[in-house]
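Chain by chain, the residues run as shown.
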Amino acid sequence: MLLKVENLDKHFGGDVPLHILRDINLELAEREFLAMIGPSGAGKTTLLNIISTLDAPTGGRVLIKNVDVHRLDQHALNRFRNRRLGFVFQDDLLLPHLTALENVALPARISRRSTRQASRRAEELLEQVGLNDRMKHKPGQLSGGQRQRVNLARALVNEPALLLADEPTARLDQATSQGIVQLLGELNEQLGVTILMVTHERELTNCAGRVVEFLDGRIVSDRSTDPGRRTCTKPLDT
Amino acid sequence: MRLPYELHLAHRNLARHPGHTAAMIGGLGLAVLVMVYIPSTMSSFYNDLIDRSIEQNSAHITIWPMEKSRGQMDHALRNRYGHSTVLAFTDRTFPRHRNLTGRHALSAQASKTSGVVSVASFVKEDATISRGNVNLGAVIEGIEPKQYSRVVNIAGHFPQKRIPKLGPSDIAIGFRMAEKLGIHTGEHIHVATPKTRRLMRVKAIFRSGYYDKDMHHGFVALRTAQRMFGMGNEVSALAVRCRNLEEAGTVSSTLEGRMPNKVRNWMDDNASLLAEIATVNRVTLFINVLVAMVASVGMANVFSMFVFNRQKELAILRAVGASRASLKMILLLEAMFIWVVGTIIGCTLVLGVMAYEQEHPYTVSEETYGIGSYATHPVPEAFVVACALAAVMMVGSALWSGRRAAKLNPAEVIFGR
Ligand SMILES: Nc1ncnc2c1ncn2[C@@H]1O[C@H](COP(=O)(O)OP(=O)(O)OP(=O)(O)O)[C@@H](O)[C@H]1O
Ligand SMILES: [Mg+2]
C-alpha cells in the first residue's frame, strides 16, 4: 500500500471545539486515482492537509510507503515534502515573480538538481500539460486554468510517489475543469502517477478509478468504477 | 551551472522590488558615510593639530635645568639672606637654575638612551623687538639650525622649506610679527635683552601656522643668543627627538631616572589637548554606536516588512520542501547584496566628500587652534569599523526577520488562518 490512513482524528480547539475528522481509515494503492467528494465543510481539505504533513492529526497516523510521516524530523520532513509529495492546492500557489518554467523547476532546484536538469524536466512537463508557448510567462500573465496546469506540472517535477490535489478545478469554468481532470486521468494512466483528488462536483470524478464519499468527517461510501465505464475524454485545450 | 536556487530567488526578490531595495541600499550607504566620516574628520583634525603643535613646534622631550627642591631652596635662601627673610619669599622666586649646566655630558647621556633619535641644545629667553615706535615682546630662540632641525621639524615653515644659515646678527621672525612691524626680509630691527640691545637683520620670515609663534618668536644662532643673554657657554635646555611620538612617555621616564634634571615630554605639555581628544573620541564612538543602532532598527524594520510582504511565498517554498535554513539563506543573501552595494556606495561617497575637502579645506580660527585650515583624510580604521558595523546590521536584520518567517507554519500562512 502506498498510503495508509489509520484511525485518523482531528479536533480543532478554540471557542467552539470542533471534531472535524472522525476515525478515518483509508488505503490507496500505487497507480490508483482516487477522487474524494463531499459537501463544503465536510473536512476534505483538513484530511488532505494532514496527509500532506502541513497539518498534524489529533489522533491516528498516516503512513506513506510505510513511513509515519508525522514522526519525521524537520530535515526528513523537508525532504519528504520535496521528493515524495506533489501538491495542487485549492488556491493556486505559484511564486508571482518567477516564470512558469521557473515555478515548475523550483522543487527540482530545491532538491539540488542542476539548473539545466531542472529546466529540461520542467519543459517536458509544461509541454505535457499543453503550455509549450507559455513557459516564459509569469503567473500574472496566465489564465486560471493555465495557472492550475502550471501547478500540476510543478507538483510532478520531482516524480512524487503521491499527488495530492485539493479542488484543482476550483474557480474554473466547466470546460476548463474537465480539461484539468482529464489531464490528471492521462497522467495516471500513462505515467502511473498515484493521485488523491478532492472535488465537490460529481461530474469531475469521471476519470477516477475510485470514488470516496465524505460527509461530516466520515467516509460514507467507497467504490471503484469499472475502467470500461469511465467517460474520460481527451483533454480540451483551455 | 549549479548556482544554489537561494541565490536565484534572492536576486529575483531584490529585482522585483527595486524601490524597496534602493531604499535599503541608500539607507545603508548613508549610515556608512556617517560612520566613516565622523571619526575620520575628528581624527584628521586632531592629527593635524598634534602634528602642528608637537612635530613642528616643540620637541618630543625637553630636558630643563634641575629644579630646586623646597629644602634646597630654603637652604639657599637662608645662606644668602639669613633666617629672618625666609618667610618673605615664596618658592617661585627661584623656580630653577636659570641655565643648563654640563650640557655636553647630558646630551651625550641622552643620545645613548634607547629610543632617542637626536638631541639639540637651545636657548630660549624673553626679549623686546622694536622698529620705529612699535615694540613687541618676543621669545628669542637660539638654535644651531642643522642640529635643531633634526629634532623639531621647523624647516617646512621657511621659504624653500629650509632653515636659513643664521649669521651673528641675523634673525628669523614670524610673518605676523613682520606684518606688525611692517618689515621685509633684509631690513633691520632692534632686539633688546636685559643685557644688550642690538640691531639685527631679518634673514627670513617664517610661517608656522601657529599664531603665537608667528607673532612673538624669533630664531637666532645659538652663539648669538648665548652672547645676547650673557650665558657664556650654557644653554636653556636640551630638545630630544624620539623614534616616534608614542615612545616619548617611556623615554622621558628613563631620562628622568638617569639625570637630576626636570624632563618634560609633549604629553605633559599638551595634557589638556590630549584630554580633549580623549573626550572627543569617546563622544565620536558614542555617536557612531548611536548611528549604528538607529540604522539597525530602521533596517531591521524595513527588512521585516520586506519579509512580511512575501510571507505567503516563503510558506509556499516551505510547503514544497525548502528548509528553514534555505529561507534564512535567501534573506541572508539579500542582506549581503544590500551590504556590499550599500557599503561600496557609502565608501565612495565619503571618499568623494574627502576629495572635495582636499580641494576646498575648511578654514578654522588660527588664533584658537594654531592651524588655519584642515581637511578630512581617509582613516582606514574608520572604514573597517563602519563596514563591520554595517555587516552586523544587515546580517542581524536578516536573521531577525528570517527567524520569524522560518518559524511560520506554512499551512497557516497559505490557508490564511
Ligand atoms: N484551523 C481551523 N480551526 C477551526 N476550524 C477549522 C479550521 N480549519 C478548518 N476548520 C473547520 O473544519 C471544517 C472542515 O473544513 P475543510 O476546509 O476541511 O472543509 P472542505 O471539506 O475542504 O470544504 P470545501 O469544500 O468548502 O473546501 C470546516 O467547518 C471549517 O470551519
Ligand atoms: Mg477544501
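Residues numbered from 1 in each chain as written. Chains lettered and ligands numbered in written order. Predicted model: local features only at pLDDT ≥ 70, side-chain atom pairs only at ≥ 80, totals over all residues. Heavy atoms only, no water.

Trainee: When you look at the overall build of chain B in this model, what are you seeing that I'm missing?
Mentor: The helix and strand inventory of chain B stands at 16 helices and 11 strands. Within chain B, the proportion of its 417 residues that are buried is 47%. A separation threshold of at least 6 residues defines the contact pool for chain B, and within that pool the share at least 24 residues apart is 77%. Looking at chain B as shown, the accessible area adds up to about 20,500 Å², and 58% of this sits on carbon and sulfur atoms. (Helix = DSSP H or I, 4+ residues; strand = E, 2+ residues; numbered from the N terminus. Buried < 20%, exposed > 50% of the residue type's maximum accessible area, 1.4 Å probe, protein only. Contact = heavy atoms within 4.5 Å. Areas by Shrake-Rupley, 256 points an atom, 1.4 Å probe, with all protein chains shown as cover.)

Trainee: Please clarify how the packing of helix 11 (residues 271-308) of chain B against helix 13 (residues 324-359) of chain B should be interpreted in this entry.
Mentor: Two packed helices can be described by the angle between their axes and the distance between those axes. Residue and element names in this part refer to chain B. Where helix 11 meets helix 13, the axes come as close as 12 Å, and the angle between the chain directions of the two elements is 135°. Our classification of the angle between helix 11 and helix 13 gives oblique. Viewed along their axes, helix 11 and helix 13 form a crossing whose handedness is right-handed. The segment helix 11 lies against helix 13, with Phe303, Phe306 and Val307 engaging Leu331, Glu334, Ala335 and Ile338. Along the lines of polarity and charge, the residues of the contact of helix 11 with helix 13 split into 6 nonpolar, no polar and 1 charged. (Axes fitted to C-alpha atoms, helices over the stretch in contact; angles between N-to-C directions. Parallel < 35°, antiparallel > 145°, perpendicular 65-115°, else oblique. Left-handed = near helix turned anticlockwise from the far one by under 90°. Nonpolar A, V, L, I, M, F, W, Y, C, P; charged D, E, K, R; others polar.)

Trainee: I'm lost on the site of ligand 1 in this one. Help?
Mentor: In the vicinity of ligand 1, 15 residues are found, and the nearest of them are Ser40, Gly41, Lys44, Thr45 and Thr46 of chain A. Residues lining ligand 1 come from chains A and B. Between ligand 1 and Gly43 of chain A there is a distance of 3.0 Å, counted from an oxygen atom to a backbone nitrogen or oxygen. Contact between ligand 1 and Lys44 of chain A: an oxygen atom at 2.7 Å from a side-chain N or O atom of the residue. Burial of ligand 1 by the protein amounts to 68% of the accessible area it has alone, namely 630 Å². Classifying every residue of the shell around ligand 1 gives 5 nonpolar, 7 polar and 3 charged. (Near = heavy atom within 4 Å. Polar contact = N/O pair within 3.5 Å; in protein donor to acceptor, adjacent residues only side chain to side chain.)

Trainee: What exactly am I supposed to notice about the pairing of strand 3 (residues 134-143) of chain B here?
Mentor: For a regular strand, side-chain orientation follows a simple rule: the groups alternate between the two sheet faces. All names here are of chain B. The pairing of strand 2 (residues 116-131) with strand 3 spans 9 bridges and is antiparallel. Within strand 3, the position partnered with Ala127 by the bridge is Ala138. Connecting strand 2 to the next strand, strand 3, in antiparallel fashion are 2 residues, including Gly132 with a positive phi near 60°. Taken together, the 5 bridges between strand 3 and strand 7 (residues 217-221) define a ladder with parallel strand orientation. Across the sheet, residue Glu141 finds its bridge partner in strand 7, namely Phe219. (Pairing = 2+ DSSP bridges.)

Trainee: Please explain unusual backbone geometry as it appears in this structure.
Mentor: Most peptide bonds are trans, and most residues other than glycine sit at a negative phi. Residues and elements named next belong to chain A. Phi is positive for Asn7, close to 45°, though the residue is something other than glycine. Here Asn7 shows up in strand 1 (residues 3-12). Of note, the phi angle at Glu167 is positive, near 45°, even though the residue is not glycine. Positionally, Glu167 belongs in the loop between strand 7 (162-166) and helix 6 (174-191).

Trainee: What is the right way to look at the packing of aromatic side chains in this model?
Mentor: Note on aromatic pairs: each is described by the distance of the centres and the angle between the planes. Residue and element names in this part refer to chain B. For the coordinates displayed, the defined rule picks out 9 aromatic pairs over all chains. Plain terms: the ring middles of Trp64 and Phe122 are 6.2 Å apart, the flat faces sit at 80° to each other, and that makes the pair edge-to-face. Here the residue Trp64 occupies a position in strand 1 (residues 61-64), and Phe122 occupies one in strand 2, the gap between them amounting to 58 residues. Classification of Phe122 as buried rests on a relative accessible area of 4%. The interplanar angle of 70° and the centroid separation of 5.9 Å between the aromatic rings of Phe303 and Phe306 together place this pair among those described as edge-to-face. A residue pair is termed a helical-turn pair when its members lie 3 or 4 positions apart in one helix, as Phe303 and Phe306 do in helix 11 at 3 residues. Residue classification places Phe303 among the buried positions, given a relative accessible area of 0%. Using a relative accessible area of 2% as the deciding quantity, one classes Phe306 as buried. Connected via pairs of aromatic rings, a cluster forms that spans Trp64, Phe122, Tyr148, Phe158, Phe206 and Phe219. (Phe/Tyr/Trp six-rings, centres within 6.5 Å; stacked < 30°, edge-to-face > 60°.)

Trainee: What am I meant to see in the pairing of strand 9 (residues 262-265) of chain B here?
Mentor: Residues and elements named next belong to chain B. Residues of strand 9 alternate between two faces, with Val263 and Asn265 buried on one and Lys262 and Arg264 left unburied on the opposite face. As paired elements, strand 1 and strand 9 share 4 bridges and run antiparallel to each other. The residue bridging Ile63 from the neighbouring strand is Val263, located in strand 9.

Trainee: Explanation requested: empty space enclosed by the protein in the structure shown.
Mentor: Any empty space left between the atoms is revealed when a probe the size of a water molecule rolls over them. Under the defined criterion, the tally for this structure stands at 4 cavities of 30 Å³ or more. Volume-wise, the largest cavity comes out at about 70 Å³. Taken together, Arg81, Asn82, Leu85, Gly86, Phe87, Pro107, Arg154, Ala155, Val157 and Asn158 of chain A together with Val320 of chain B form the lining of the largest cavity. Breaking the lining of the largest cavity down by element, the ones donating at least two residues are helix 2 (74-83), strand 6 (85-88) and helix 5 (144-156) of chain A. Per element, the largest residue contribution to the lining of the largest cavity is 3 residues, and it comes from strand 6 of chain A. A per-class count over the lining of the largest cavity returns 6 nonpolar, 3 polar and 2 charged. Space inside the second largest cavity adds up to approximately 60 Å³. Together, Leu95 and His97 of chain A together with Leu9, Asn13, Arg310, Glu313, Leu314, Leu317 and Ile330 of chain B line the second largest cavity. (1 Å grid on protein atoms, 1.4 Å probe; cavity = no way out; pocket = protein on both sides within 12 Å on 5 of 7 lines; lining within 4 Å. Points joined across faces, edges and corners; volume = space filled by probe spheres on them.)

Trainee: Can you help me understand the pattern of salt bridges in this one?
Mentor: Pairs can form between side chains of opposite charge once their charged atoms are near each other. Under the counting rule described, the total for this entry stands at 19 salt bridges over all chains. A salt bridge links Arg12 of chain B to Glu102 of chain A; its shortest N-O distance comes to 2.6 Å. Of the two residues, Arg12 of chain B is situated in helix 1 (residues 5-16) and Glu102 of chain A in helix 3 (residues 100-110); the pairing between them involves two chains. Overall, Arg12 of chain B belongs to the partly exposed group, its relative accessible area being 21%. With a closest N to O distance of 4.0 Å, Glu187 of chain B and Arg131 of chain B form a salt bridge. Here Glu187 of chain B, found in the loop between helix 6 (175-181) and strand 5 (188-192), pairs with Arg131 of chain B, found in strand 2; they are 56 residues apart in sequence, far enough to count as distant. Accessibility expressed as a relative area gives 31% for Arg131 of chain B, which makes it partly exposed. (Salt bridge = Lys/Arg side-chain N within 4 Å of Asp/Glu carboxyl O.)

Trainee: Can you walk me through the sheet that holds strand 4 (residues 59-64) of chain A in this structure?
Mentor: Residue and element names in this part refer to chain A. With antiparallel pairing, the 4 strands of this open sheet are ordered in space as 2-1-4-5. Taken across any chain shown, the strands that pair with only one partner, and hence form the sheet edges, are strand 2 (18-28) and strand 5 (67-68). With 7 bridges connecting them, strand 1 and strand 2 associate as antiparallel partners. In the strand pairing of strand 2, Lys4 is matched with Glu27. Sheet contacts for helix 1 (residues 44-51): strand 1, strand 2 and strand 4; angle to strand 1, the most-contacted strand, approximately 120°.

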